[in-house]
Amino acid sequence: MTTAAMAETLIYSRPEALRPVHTHYCPGCTHGVAHRLIAEVIDEMGIREMTIGVAPVGCSVFAYNYFDFDFAEAAHGRAPAMATGIKRVSPGKIVFTYQGDGDLAAIGMSEIMHVAGRGENITTIFINNAIYGMTSGQMAPTTLPGQKTTSTPLGRDVEVHGFPLKMCEILSQMEGAAYIVRRSLHDPANIRKAKKALRQAFEVQRQGLGFAMVELLSSCPTNWGIPAEAALHWIEEHMIPAYPLGDYKVHPAIAEKVGG
Amino acid sequence: MAKELLEGNVAFAEAAVRAGCEAYFGYPITPQTEALEHMARRMPELGRVFLQAESEVAAVNMVYGAACAGVRVMTSSSSPGVSLMMEGLSYIAGSEVPVVLVDVMRGGPGLGNIAPSQGDYNQMVKGGGHGDYRPIVLAPATVQELIDLTYQAFDLAEKYRCIVVILADGSLGQIMEPAEMPPMRPVRKAEDRPAWALTGAHARKPNIISSIYIDPVEEEKFNLVLMQKMARIEANEVRYKELLLEDAEIAVVAFGTAGRIAQSAIKAAREEGIKVGLLRPVSLYPYPYERVRELSRKVKSILVLEMNGGQMVDDVKMAVEGRVPVRFYGRMGGMVPLPDEVLDEIRALHAQRAPVPTGGAR
Amino acid sequence: MAKGRIEVNDLYCKGCGLCLTVCPKQVIAIDHDRLTPKGYHPAMLADPEGACTGCAICAVICPDAAITVYRLTPAPERAGVAA
């Protein structure tokens, strides 16, 4: 082959919707993957200038420092209510919440149930890593039975603390929910599927079909006490059996377009 | 405009509509639910936003979101519901977005009852939520004043980028009186929303609205900004009304409905030759300390009348600085003091009789 | 000659090592001789035999969007990262 026939093509570079800053997330934490995918989707949809994000309380409390668009900081659990206020008075904007398992399924349970119930036209990205990260490793509503955390040092005892909450299963019961899916960030193939789901979840909002949520099974190497690569395997071995991946609700208007 | 017979709750809701309120988020709670019901009908009629939230916690956070998006937004509630809003109010204050809240106070503490009370004075006037901030707090005594203060509240909230609380009580919410509605103001256009608002980062740098300042150095700087704002509010927004104080030997200090009741008692006392007058603070924050201080140099004694166990009385004592005796009379739990009881207190103060420790005297 | 190459940006890389674990050609290594401004040992392309294909799987897993991927192609085609 001659050199004239070969060109160096840029295949992948960092998305524009991510600010050019170092993040505070632990090395190997899949929050970073989720942020990157959201930024890629926003770039590809060309919606950066009309997007407003709502950050939670948790490890991603500073998410607004990492994305290059308008952002609000909510009180713990209240992001869906804040997003409702923003979206109702700015119906032409794209409004999303980004929430962890404590934010969404513990203190924010009422707020997330009611945005799904109302069919609020917003998108929620739910980072489920079965533990409380920011406060250094306590039990979350999604912590698995037997899982050791700082508030369940002998392992989660269902007799005392009850059972994990499966949010996709719960929210998909709501008529107002248009797109409720669970994906995982534990390997490249699943990360690609997760990105498709995120794209779909934002399209659902753009088409005004109702509430969309993508639950992303994520790792917390630091508080699980294992290295980053092992943490990804832990998702596959332990979390997926408890939180099966799949599409829990898909609005008929997009049903044909939805791939895996 | 002609006077109409208006119920307090409906009146303040309609006054907000006329002031250009673009969104209302609330939750039913007696004795102010009529306001939510009025908004439920009026706002969609005018193409504006109404939503009944799932709780007061959700309602105040919806208000927070809409305020971040740069619209004129309000909520209303009553004492137990306002307690649920305290977290949201602290976040709103820490984000400097303008919000209007109407608190129609009822008997407490706890679930209490639905009768009128002034038991939220400390909660609202001293901030309520955690941290160093104070909302502007205005206390109407008539339906007309409730209308006028609500109508001004949105401009005031935007002028200072703060919370404005209209502190009413259950009787004012439920009473029907002749009053005039102000004219309808146009709603602000979307393109005229403030430059700091979250409207989508089109042709500008992104806006971030947050109340976190993780570095204590920055947090203190921000708190100093809030302090300076409060100093400007204190310099400019004191409001009060007076009656018969020019030659008064006794000053009654009372706000809201208590002020109105005191008025009747004062007129009766004057007929008995007692030189008594009324100072009725309308702004509870900023409190008219200077006026109270002035009065304490002229009068022989002060009677504070409240529908609580003694909350505003502390602010009065602070301004009086021990110059003259301050006597407190209050009824609690939704009991409304009658003019006769207040007249007895005025007579007792006049005769320098010691307070009787029953009812609500302190 | 390698069909592809990557650049790892020191500003973002935290040396988490996930890219190493997914590279099908195993041409990524941790550079123990350098530190990023934040004090991490960053990942680097270690491809003496020119095996990198520019598949961009490393960029798919990177939590810090630290990796830029290039490919030498006769006709440019989009890599699998853009879904």
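Since this is a predicted model, take the numbers as computed values, not measurements. (Residues numbered from 1 in each chain as written. Chains lettered and ligands numbered in written order. Predicted model: local features only at pLDDT ≥ 70, side-chain atom pairs only at ≥ 80, totals over all residues.)

> How should the overall build of chain B be read in this particular structure?
Secondary structure summary: chain B contains 12 helices and 15 strands in total. Against the globule reference of 21 Å for 362 residues, chain B gives a C-alpha radius of gyration of 21 Å, in line with a compact fold. Each principal axis of the C-alpha atoms in chain B carries an extent, and together these give about 70 × 50 × 35 Å. Looking at the 362 residues of chain B, the share that counts as buried comes to 53%. In chain B, once contacts between residues fewer than 6 apart in sequence are set aside, the share between residues at least 24 apart is 79%. (Helix = DSSP H or I, 4+ residues; strand = E, 2+ residues; numbered from the N terminus. Rg over C-alpha atoms; globule rule 2.2 N^0.38 Å. Buried ≥ 20, exposed ≤ 12 C-beta atoms within 10 Å, placed from the backbone. Contact = placed C-beta atoms within 7 Å.)

> I tried to follow the interface of chain A and chain B on my own but got confused; where do I start?
A common measure of how large an interface is: the accessible area buried when the components associate. In this assembly, 29 residues from chain A lie in contact with 33 residues from chain B. Every element with two or more residues in the side of chain A that touches chain B is listed here: β2 (51–55), β3 (70–73), α2 (79–89) and α4 (109–118) of chain A. Per-element tally for the side of chain A that touches chain B: the top contributor is α2 of chain A, with eight residues. When the residues that make up the side of chain A that touches chain B are grouped by side-chain class, the tally is 14 nonpolar, six polar and nine charged. Pairing of β3 of chain A with strand β9 (residues 208–209) of chain B involves two bridges; the strand directions are parallel. Within β9 of chain B, the position partnered with A72 of chain A by the bridge is I209 of chain B. (Nonpolar A, V, L, I, M, F, W, Y, C, P; charged D, E, K, R; others polar. Pairing = 2+ DSSP bridges.)

> Can you walk me through the pairing of strand β4 (residues 94–100) of chain A in this structure?
Each regular strand carries side chains that alternate between the two faces of the sheet. Residues and elements named next belong to chain A. With seven of seven residues buried, β4 is to be regarded as a mostly interior element. Alternating residues of β4 divide into I94, F96, Y98 and G100 and V95, T97 and Q99, and every residue in both groups is buried. For β4 and strand β5 (residues 123–128), the ladder comprises five bridges, and the chain directions are parallel. Residue pairing for β5: Y98 is matched across the bridge by I125.

> Looking at this structure, how should I read the domain arrangement of chain B?
All names here are of chain B. According to the domain assignment, chain B consists of domain 1 (4–194 + 224–236) and domain 2 (240–350). Taking only C-alpha atoms, the centre of domain 1 and the centre of domain 2 are 27 Å apart. Of the residues assigned to the side of domain 1 that touches domain 2, the class counts are 15 nonpolar, seven polar and four charged. (Domains from an automatic or database assignment.)

> Where do I start with unusual backbone geometry in this structure?
What is expected of a backbone is that most residues other than glycine have negative phi and most peptide bonds are trans. Cis peptide bonds are those with omega within 30 degrees of zero, and the linkage from G108 of chain B to P109 of chain B qualifies with 5 degrees. Among the structural elements, P109 of chain B can be located in the loop between β5 (99–105) and α5 (121–125). That bond from Y285 of chain B to P286 of chain B is cis: its omega, 0 degrees, falls within 30 degrees of zero. You will see that A130 of chain A, though not glycine, has its phi angle at about 60 degrees, which is positive. By secondary structure assignment, the location of A130 of chain A is in the loop between β5 and α5 (158–161). Judged by the 27 C-beta atoms lying within 10 Å of it, A130 of chain A is buried.

> Could you clarify how one ought to interpret the sheet that holds strand β14 (residues 301–306) of chain B in this entry?
Strand pairing in a sheet relies on backbone hydrogen bonds. The paired strands run either parallel or antiparallel. Residues and elements named next belong to chain B. Within the open sheet, the five strands sit side by side as β10-β12-β11-β14-β15. Their pairing is mixed. What marks the edges here is a single partner per strand, and that holds for β10 (240–243) and β15 (326–330). The sheet shows a mean angle of 20 degrees between the axes of neighbouring strands, direction not considered. By the bridge criterion, four bridges tie β10 to strand β12 (residues 276–281) in an arrangement that is antiparallel. Directly across from E242, in β12, lies its bridge partner L279. In this fold helix α10 (residues 289–296) packs onto β10, β11 (250–253), β12 and β14, with an angle of close to 165 degrees to the strand it touches most, β12. (Axes fitted to C-alpha atoms, helices over the stretch in contact; angles between N-to-C directions.)

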